[in-house]
Amino acid sequence: MIAIVGSGISGLTAGFWLQKQGFDVRIFEQKNHYGGWIKSTAGPLGEIIDEAANGWLNNEPAVDRLIQALGLEDQHLPACDPKSERWIYHQNKLCPAPLTPLKLIKTPLLSILEKCRLLLEPFVSKGPINTEQSLADFIKRRLGAGPLDTLVAPMVAGIYAAHPEDLELKSTFPLLLELEQEYGSLFKGLRKRKRSSPPHLHSLPRGAGQLCEQLAKTLPISLNTPITELKQSQNLWEFQSPSLGRFEHVILAIPAYAQAKLLEPLKPNLSEKLSKIKYNHALVASTLYEHQSLKNKPTGFGALISRQTELLGALGVLFTSEIFPSRAPQNHVLTRIIFGGSRYPETLELDTQEIHRRTRTIHDELFGEHAPPVSISVHKHRSAIPCYAPGHAQLIQNIKEDIQKLSGLSLLGNHIDGVGVKDCIRNAEALTLHLSPILSNANANRG
Ligand SMILES: Cc1cc2nc3c(=O)[nH]c(=O)nc-3n(C[C@H](O)[C@H](O)[C@H](O)COP(=O)(O)OP(=O)(O)OC[C@H]3O[C@@H](n4cnc5c(N)ncnc54)[C@H](O)[C@@H]3O)c2cc1C
């Protein structure tokens, strides 16, 4: 029997594939719901509220395999036209994100000098490959400081809720490093690489949470069961109470700080390494307006906030009913404002009334509010997104080496090899493929 601690997408995916391969699995979840950061609910008018993640990118074959195995291919929903406008809110204006060369020339987000500096990029010499350089240092070296505040910081805040200074290049954007090493220039590299269509956001009709619902249907999950102790006796694992069972293998699919806590008595060195991974919080406010309550209807995908502009602690606003029109009732506008991250950590402590006030002020600023919204749903996510800080790749390498020395125990989670839903799905599938022959051999030897 295999125990999986944590019923986020990592734990559910691992459980699903192991069960498909014929193993007995049991999942333990501390909360009263499964899915971790992937949970969707229906609001008062049937609008779909994604409490945290709203989808996944479609450039990961492991996601396609999972969707197919669950029989969800027909429902796999692409977001609106990938070419629809992305905005950067800068100096109190929405500016188109300069994602094409023409837009880059015209953008007000960079000064003429900063644009001229971009032209020097092909002549900047290669940096060393094996460094713990931050994303910010890399950008400044290759492109100048210009794009950092107005282009790079808003974009990475939308993914990692962190500053580019606090993120390690090779753990977060390895492609940039690869292009520099292979072609000596990002621009040359992008031109030479074969053009495939960029990854596109996908989800399911009832929200991203539908994926976890479908997975959970097939799996034995014990909710409201926090695992607080991990011990090994006679080659079997046990938790705090023998009544929870005895297991040949345990997968800890929980955040690094939770893994650190469970492993502290058993493996203090490994626990110490895991506890070095810090997390940022995020707060999501989903708002539903009637069309006529806003002067201007949002168009495009959403807006990220330039680091030179303050918008009441917001990192970005997603125009949900534009991205996935079926998420909102007809003649309504549904949006999601993401607050917080390492840029505005204090927002986590705001009370609901203040978050509602800020949410309405932001809508008024961006679209002109004529009448109050139908509803605002606020979800606070404490210690939600791991920070892949400089040194992260080496730290994870060391953690993997430690875990290889332990038999019967594996780690999964968004702090290892990618924070995206697609990364968690890929890593969980890969772990099950690695474990399958080992567990089968162990079973055969016992039998
Ligand atoms: C606000 C927000 C928006 C996001 N948006 C996107 C997006 O749009 N697209 C995208 O690709 N990614 C997005 N992400 C990232 C992505 O959702 C997460 O990285 C991913 O869902 C993490 O899955 P996980 O299973 O590794 O961990 P979690 O989802 O953290 O699951 C871990 C589970 O373990 C449980 N647990 C913890 N400790 C114990 C214990 N001791 N005993 C039992 N259970 C325990 C927890 O309760 C939780 O259910 C977003 C994240 C956040 C926070």
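These numbers were taken from a predicted model, which means no experiment stands behind them.

(A) The side chain of Ser377, seen in detail. Structurally, Ser377 can be placed in strand 19 (residues 375–386). Not counting chain neighbours up to four residues away, the residues in contact with Ser377 comprise Ile49, Val284, Ala285 and Ser286.

(B) Region of the structure containing the sheet that holds strand 9 (residues 201–203). What the 3 strands build is an open sheet, ordered 5-9-6; its pairing is antiparallel. Where the open sheet ends on each side, the last strands, each with one partner, are strand 5 (56–57) and strand 6 (77–78). Note: strand 5 against strand 9, 2 bridges, orientation antiparallel. Bridge pairing links Trp56 to His202 in strand 9.

(C) Fine view of unusual backbone geometry. Although it is not a glycine, Ala161 adopts a positive phi angle of roughly 55°. Considering the arrangement of structural elements, one finds Ala161 in the loop between helix 6 (146–160) and helix 7 (169–172). A positive phi angle, close to 45°, is found at Gln234, a residue other than glycine. Looking at the element boundaries, Gln234 is found in the loop between strand 11 (231–233) and strand 12 (236–238).

(D) Spotlight on the packing of helix 1 (residues 9–20) against helix 10 (residues 209–217). Remark: helix 1 packs on helix 10, axes separated minimally by 10 Å, with the N-to-C direction vectors making an angle of 40°. Between helix 1 and helix 10, the angle falls in the class oblique. Crossing of helix 1 against helix 10: the hand is left-handed. Contacts between helix 1 and helix 10 involve Ile9, Leu12, Thr13 and Phe16 from the former and Leu211, Cys212 and Leu215 from the latter. Residues of the contact of helix 1 with helix 10, tallied by class, amount to 6 nonpolar, 1 polar and no charged.

(E) Representation of the domain arrangement of the chain within the structure. Split by domain assignment, the chain resolves into domain 1 (2–41 + 61–66 + 206–277 + 389–446) and domain 2 (101–192). Each of domain 1 and domain 2 was reduced to a C-alpha centroid, and the two centroids are 35 Å apart. Contact with domain 1, which involves 7 residues of that partner, is made by 10 residues of domain 2. Summing both sides of the interface, domain 1 and domain 2 together bury roughly 550 Å²; the carbon and sulfur share of this comes to 64%. For domain 1, the biggest contributors to the area lost against domain 2 are Pro390, Ala393 and Val419; these three give 63% of the whole. Our enumeration of links across domain 1 and domain 2 arrives at 0 salt bridges. Connecting domain 1 to domain 2 are 4 residue pairs in polar contact (both at pLDDT 80 or more). When its residues are assigned to classes, the side of domain 1 that touches domain 2 shows 4 nonpolar, 3 polar and no charged.

(F) Structural view of the site of the ligand. Neighbouring the ligand are 35 residues, the closest being Ser10, Glu29, Asn414, Val419 and Val421. The separation between a nitrogen atom of the ligand and a polar main-chain atom of Ile227 is 3.0 Å. Here the ligand loses 89% of its free accessible area of 1000 Å² to cover by the protein chains. Listed by contribution, the elements that provide at least two residues to the shell around the ligand are helix 1, strand 15 (279–290), strand 19 and helix 16 (421–446). By residue number, the principal contributor to the shell around the ligand is strand 19, which donates 3 residues. Counted by class, the shell around the ligand contains 20 nonpolar, 13 polar and 2 charged residues.

(G) Summary view of the state of the cysteines. Tallying each qualifying case throughout the model produces 0 disulfides. Here Cys212 is not cross-linked by a disulfide; its sulfur's nearest cysteine counterpart is in Cys424, at 10 Å. For Cys387, which is in no disulfide, the shortest distance to another cysteine sulfur is to Cys424 and amounts to 16 Å.

The rules we used
Residues numbered from 1 in each chain as written. Predicted model: local features only at pLDDT ≥ 70, side-chain atom pairs only at ≥ 80, totals over all residues. Heavy atoms only, no water. Helix = DSSP H or I, 4+ residues; strand = E, 2+ residues; numbered from the N terminus. Contact = heavy atoms within 4.5 Å. Pairing = 2+ DSSP bridges. Axes fitted to C-alpha atoms, helices over the stretch in contact; angles between N-to-C directions. Parallel < 35°, antiparallel > 145°, perpendicular 65-115°, else oblique. Left-handed = near helix turned anticlockwise from the far one by under 90°. Nonpolar A, V, L, I, M, F, W, Y, C, P; charged D, E, K, R; others polar. Domains from an automatic or database assignment. Buried area = accessible area lost by both parts, 1.4 Å probe. Salt bridge = Lys/Arg side-chain N within 4 Å of Asp/Glu carboxyl O. Polar contact = N/O pair within 3.5 Å; in protein donor to acceptor, adjacent residues only side chain to side chain. Near = heavy atom within 4 Å. Areas by Shrake-Rupley, 256 points an atom, 1.4 Å probe, with all protein chains shown as cover. Disulfide = S-S within 2.5 Å.

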